[in-house]
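# A closer look at the structure
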Amino acid sequence: MQKIFYQPEGYWFGDCMPFFNEKDQTFYLFHQRDTRNPKPLTDPFGWSLVTTKDFVSYQDHGEVLPKGKHDAADQFIYAGSVTQGKNEQIAFYTGHNRQAKLAKKTSEILMSATSQDLLHWQKEGKETSLAPQKGYDHNDWRDPVIVYSKQRQCYVLVLGARLPGDKKKPTGRLVYFESEDLHHWHFKGDFWVPNEFNMIEMPDLFELDHTWYLIFSEYSEDKRTKYRVSDGLFNQWHSLSDEFFDGKAYYAARTVGNNQVGRFLTGWVATKENEQDLGNWDWGGAFVPHQIIQRPDKTLGVDLPETITANFAESRPLPQIRLSCNDGKKEETIIKNLPDQFLLEAQITVLQDTKSFGVKAYVNEETRAGYQYQAYGPENILKFTCTPNYPWPSYFATGLERPLPLIKGKTYDLKLIVDDSIIILYINNVALSARMYNKLGRELSFFVTEGQILVSKIKYYQDWQEANTRK
């Protein structure tokens, strides 16, 4: 079975450093690959590369920026970014040495490499002007990203750092350097100090419709990818009504694209430990792109890329259903034999005051056990779990929720996509990804509790077309 969401054969997809090449209109997805050997610490890795034009067909180029030797500063090549220079592409990346960290020496430094074709790279070595600065922790100095500031007429390099001391202290911050030529860098100090997190990873910066967005991941509070907004690159950053793109299963996302092709998040949906519903989330999994949607209030939502929808064979329309139940729950099955890959689109209109509604997948015909997304009115959230979650708990669902007000008279656009163990629901540009490892049945149903809904414009896609160019 060809996967919908890319995962290199024999590996797990880790942090992605995306680059859109204007010349060939191709997305270059530089990334780390986890061997899960040994566990929980992987073998050393460099940057591997997979390219795509549509997030459907992928070409695997293998490891293009190779890891260093056992005693090298870049024993592991951690995250960084690729920038278009005057005559070449430049990769600024984090060199990490595990033995140096164990010996309490400087274990993370910034390094660079150059390329003429994005496939073959020449390592330039340590970037001494980007070394960990005095007063900062030398073991947490990573994940550089570069943007150009029209206001200051220079390049700005931002990376994650923290102060020395107890790792539990929320001293995680972003610091920055400036350069006029991408070669000579000058340290400017703190870029953003929220005093919320013990470390900030994978920063990303972009401007959209005169609004600046800062994207980052953190693992001390929610372990999610979040974002902040500002009216200027060097102004204050603040949260809007929803600071997330997805739930806990989706991590380390950066963006790629432009105003012509669109902008996409490039994160990964983690696997669960031992491939069990009760497992915690692993590092790494499968690559999943979300298309970014800017709402009128400047918040960012996401959607399934249109190219993925278009790669399914022609959809099969299903009749609309009306569910009503003033006392308890009403459920109706619409598909009897779900495959392991499918896409379902629908609209759900809330016809009266309603406690909750949702969709269930891989439901057992007799027991009604399965997995479910539930829009729960009393808490204004969207939740994912198995049902029944018994014996408690049968599914570790912490972090699998998103804000979603349930409003009488409102219509909700829904897309549900499944790729083997990955399940993702998009509802009014709110995404929630998860994993399923214990499918007890094959039915798909909608339900309502204490209310009334109309499920209409139902389209069912079940034939994922083979991509001949995938390698």
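First things first, this report covers the structure right here in the doc. (Residues numbered from 1 in each chain as written. Predicted model: local features only at pLDDT ≥ 70, side-chain atom pairs only at ≥ 80, totals over all residues. Heavy atoms only, no water.)

### A short note on the environment of L174
- The residue L174 is located in strand β11 (residues 173-179) in this model.
- On the accessibility criterion, L174 (0% relative accessible area) is buried.
- Separated by 13 residues in the primary sequence, L174 and F187 place their C-alpha atoms 12 Å from one another.
- With residues up to four places along the chain from it excluded, the contact list for L174 reads V158, L159, G160, D190, F191, W192, I200, P203 and L214. (Helix = DSSP H or I, 4+ residues; strand = E, 2+ residues; numbered from the N terminus. Buried < 20%, exposed > 50% of the residue type's maximum accessible area, 1.4 Å probe, protein only. Contact = heavy atoms within 4.5 Å.)

### Notes on the sheet that holds strand β12 (residues 186-192)
- Pairing within the open sheet is antiparallel, and its four strands lie in the order β9-β10-β11-β12. Taken across any chain shown, the strands that pair with only one partner, and hence form the sheet edges, are β9 (141-149) and β12. Ignoring which end each strand starts from, the neighbouring axes of this sheet average 30 degrees apart.
- As paired strands, strand β10 (residues 154-161) and β11 are joined by seven bridges and run antiparallel to one another. Paired with Y155 across the strands is S179, a residue of β11. (Pairing = 2+ DSSP bridges. Axes fitted to C-alpha atoms, helices over the stretch in contact; angles between N-to-C directions.)

### Some words on the side chain of Q452
- In this fold, Q452 is placed in strand β30 (residues 443-461).
- Q452 sits in the buried class, given a relative accessible area of 16%.
- Among the polar contacts listed, one links the side chain of Q452 to the side chain of R322, at a separation of 3.4 Å.
- With residues near it in sequence (within four places) discarded, Q452 still touches R322, L323, S324, T349, V350, L351, Q352 and T354. (Polar contact = N/O pair within 3.5 Å; in protein donor to acceptor, adjacent residues only side chain to side chain.)

### So, the packing of aromatic side chains
- Evaluated as defined, the whole model comprises 43 aromatic pairs.
- Plain terms: the ring middles of F384 and Y395 are 5.6 Å apart, the flat faces sit at 75 degrees to each other, and that makes the pair edge-to-face. You can see F384 sitting in strand β25 (residues 381-387) and its partner Y395 sitting in the loop between β25 and β26 (401-403), a full 11 residues away along the chain. The burial state of F384 is the same as that of Y395; both residues are buried. (Phe/Tyr/Trp six-rings, centres within 6.5 Å; stacked < 30°, edge-to-face > 60°.)

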